[in-house]
Amino acid sequence: MSDRFDCKNCNESLYGRKYIQVEDKPHCIPCYDCLYANTCQECKEIISHNAKELFYENRHYHEHCFRCFRCERSLADEPFTSQDNSLVCSSCYCSEFSSKCVACDKTVMPGSRMLEYDGSTWHEDCFVCHGCEKPIGAEAFIPDNNNYYCVPCYEGRFAPRCSHCKKALTKGGVTYKDEVWHKECFFCTGCKAPLAGQPFTSQGESPYCVKCFSNLYAKKCAGCNTAITGFGDGRYVSFEDRQWHQPCFKCSRCSVSLVGSGFFPDRDQILCADCNDDD
């Protein structure tokens, strides 16, 4: 009597029948499909042993079920993507989800080179300077009234010119007496020190730092013999041809402040009423 050759699962004889070995154990086709075959993600039916099976992100499909959920075209040999766990062909994805270039009104294909700015999208080659019409690409640009300019075109057309070097001023700078300067071009007429961000004054049309203005033009306080400038407190008292800082305007004898009080000149001195009465 010959040895038995049965299905490991249902114990039916496999003589004269197709079978599949699983870990060296024979299974009839129905048992194999029931125990080991995958279920199609789309139709939820078993993918039998002799059917062509496609696999994507831990999901299994019959070949005829692997299709775009929008237009139902087969994706077996087509590029596709996934949207909310559904398969979408490139054409449907571009039509529904891709941006359109604001210049040519054509779809910006996924993976293509593009530029996005202020909520709009361009093909890289469509984002061109409004002046010279050359692609801007990854270079710096300047927006102006819904147009975009490369830096050389913008400087040539719109940028103000520095009053000192006459070159275009594209950012920052200093405005003084209705004229503009690069920060590095706005310096003291005397010592050439930069004045941007520093206190300064002017003599005529020329700007000066505090030190140069004090040395060249400021009047000297008759009390402390230092310059009287408009910086700090800035208030001073003037009498005849002499000037004093307010804190320095005091009686030459008792040093009481004379600001807002009567005083008496006595040659080079100024006296309060009490000291003047003592004389």
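Counting restarts for each chain: residues are numbered from 1 in the order of the written sequence. Reporting of local features is limited, given that this is a predicted model, to residues whose pLDDT is at least 70; pairs of side-chain atoms are given and counted only at 80 or more, and all residues count toward the totals for whole chains, interfaces and linings. Side-chain metrics in this entry use all non-hydrogen atoms of the structure; hydrogen atoms and water are not considered.

Looking up the chain in an unreviewed UniProt entry gives the name LIM zinc-binding domain-containing protein, with the organism given as Monopterus albus. As stated in UniProt under Subcellular location (unreviewed entry), the record for the chain gives "Nucleus". UniProt positions are given in the numbering used here, feature names are shortened, and annotations may be inferred rather than shown by experiment.

Novice: Explain the pattern of salt bridges to me, and be specific about the residues and the numbers.
Specialist: Here, a salt bridge means any Lys or Arg side-chain nitrogen found within 4 Å of an Asp or Glu carboxyl oxygen. Per the counting criterion, the structure on display carries seven salt bridges. Of the charged contacts, one joins Glu12 and Arg17 as a salt bridge, the two residues approaching to 3.2 Å between their closest N and O atoms. On the basis of relative accessible area, Arg17 is assigned to the partly exposed category, the value being 33%. The residue Glu57 makes a salt bridge to Arg59 at a minimum N-O spacing of 3.4 Å. When its relative accessible area of 9% is taken as the criterion, Arg59 is described as buried. Here the term buried applies to any residue with accessible area under 20% of the maximum for its type, exposed to any over 50%, and partly exposed to those in between, with areas from a 1.4 Å probe on protein chains only.

Novice: With reference to specific residues and values, describe the environment of Asn50.
Specialist: The helix and strand labels rest on DSSP assignments: H or I over at least four residues marks a helix, E over at least two residues marks a strand, and numbering proceeds from the N terminus. For Asn50, the position within the fold is in the loop between helix 1 (29-36) and strand 3 (53-56). Looking at Asn50, the relative accessible area reads 62%, which means it is exposed. When the C-alpha positions of Asn50 and Asp33 are compared, they lie 9.8 Å apart, and in sequence the two are 17 residues distant. Each polar contact in these results corresponds to two N or O atoms within 3.5 Å; when the atoms are within protein, one needs to be able to donate a hydrogen and the other to accept it, and residues that are neighboring in sequence are counted only if both atoms are side-chain atoms. Here the side chain of Asn50 touches Ser48 through a polar contact of 2.8 Å, side chain to side chain.

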